[in-house]
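A closer look at the structure
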Amino acid sequence: MAAIIDVQHVHKAFGGLKVINDCSIQVEQGSITGLIGPNGAGKSTLFNIIAGALPLDSGRILLDGEEITNRPANELFHKGLLRTFQIAHEFSHMTALENLMMVPPDQAGESLFDAWFKPSRVNHQEAEVRRRALEVIDFIGLHHVRNELAGNLSGGQKKLLELGRTMMTDARVVLLDEIAAGVNRTLLGDLVTNIERLNREMGYTFLVIEHDMDMIARLCDPVIVLAQGSVMVEGSIEEIQNNPQVIEAYFGAAS
Ligand SMILES: Nc1ncnc2c1ncn2[C@@H]1O[C@H](COP(=O)(O)OP(=O)(O)OP(=O)(O)O)[C@@H](O)[C@H]1O
Ligand SMILES: [Mg+2]
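Throughout, residues of each chain are indexed from 1 in the direction in which the sequence is written. Chains carry letters and ligands carry numbers; both start at the beginning, A for chains and 1 for ligands, and go up in the order they are written. The predicted origin of the model limits local features to residues at a pLDDT of at least 70 and limits the giving and counting of side-chain atom pairs to 80 or more, whereas totals for whole chains, interfaces and linings rest on all residues. Where side-chain values are given, they derive from all heavy atoms of the structure, hydrogens and water being excluded.

Named according to an unreviewed UniProt entry, the chain is Branched-chain amino acid transport system ATP-binding protein originating from Halomonas fontilapidosi.

The buried label applies to any residue whose accessible area, calculated with a 1.4 Å probe on protein chains only, is under 20% of its type's maximum; exposed applies above 50%, and partly exposed to all values in between. Numbering of helices and strands runs from the N terminus, with a helix taken as a DSSP run of H or I at least four residues long and a strand as a DSSP run of E at least two residues long. In terms of burial, strand β9 (residues 223-227) is a largely internal element, 5 of the 5 residues being buried. In β9, alternate side chains face the same way, and those of V223, V225 and A227 on one face and I224 and L226 on the other are all buried. We call two strands paired when DSSP finds no fewer than two bridges between them. Pairing geometry for strand β3 (residues 32-36) and β9, over 3 bridges, is parallel. Bridge pairing in β9 places I36 opposite V225. With 5 bridges connecting them, β9 and strand β10 (residues 230-235) associate as antiparallel partners. Opposite A227, over in β10, you have S230 as the bridge partner. Count of turn residues in the β9/β10 antiparallel hairpin: 2 residues, of which Q228 carries a positive phi of about 50°.

Before going further, it helps to examine the side chain of N243. By secondary structure assignment, the location of N243 is in the loop between α9 (237-241) and α10 (244-254). Among the residues examined, N243 registers a relative accessible area of 17% and is labelled buried. Here a polar contact is taken to be a pair of N or O atoms separated by no more than 3.5 Å, where protein atoms must pair a possible hydrogen donor with a possible acceptor and residues adjacent in sequence count only if both atoms sit in side chains. A polar contact is formed between the side chain of N243 and the backbone nitrogen of Q245, at a distance of 2.8 Å.

If even one non-hydrogen atom of a residue comes within 4 Å of a molecule or strand, that residue is called near it. Taken together, 13 residues lie around ligand 1, and N39, G40, K43, T45 and H211 are the ones closest in. A distance of 2.8 Å separates an oxygen atom of ligand 1 from a polar backbone atom of G40. One of the side-chain nitrogen or oxygen atoms of S44 is found 2.9 Å away from an oxygen atom of ligand 1. Every accessible area reported is derived by Shrake-Rupley at a probe size of 1.4 Å, with residue values counting cover from the shown protein chains alone. Look at ligand 1: alone it shows 640 Å² of surface, and the protein chains cover 59% of it.

Structure below.
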């Protein structure tokens, strides 16, 4: 298999607390891989390490065979490795469409030189960004609220917008940390459908942290179970759900 993300023997401690413990996972190119485990297992910490938001203590991480260990998040962003972020406070006063238009990292209008000396090119690129933002907003089903302030959208609509922001760039791998939390069933269905379409139609690879087992079952294959900072088991959702160790550590604890 071709691993687009290859995490090799990663360790991370906060003070004396070992949170990630000799953790190795591979995410196959084109997969929607699930990452589950009890509260405090280290899932979000591992995400932050992969996305360049947190340095690791030892180990290596490869993206498509290239070492990216401890590279900064913005560099990884340009390489197509993204994690979704909650819409920041300052963006809540912009419309849904404007939020999408903010994303492109190499928007020509950002360069003063270009703005002064090549205004036609800037205008052209802005029109291009707007066209793409309109396509994205159609794709995620938010056309009807495109001119609403992002802060006024429902929780589920905000999640769709966050997913939409990944489509404004040339994303290859997207990390999703508990995007189903607090989203109503209808919009959750839309989210799942959009993730599947991005995977199928646009070749996105996803690594998905989720406590919602229905969502994991519908979306993810394989599923990796993390416990105390190490991989406990990996397999299909059926294999995971029938694994006695997992039932004890995870489903046992949850019920
Ligand atoms: N910045 C930090 N400083 C100190 N300890 C931290 C820090 N971030 C996380 N931890 C601790 O590391 C452990 C793993 O946390 P993490 O957030 O990665 O777990 P998780 O698997 O995402 O849990 P949840 O399912 O509740 O989101 C926890 O014990 C947490 O308290
Ligand atoms: Mg977490």
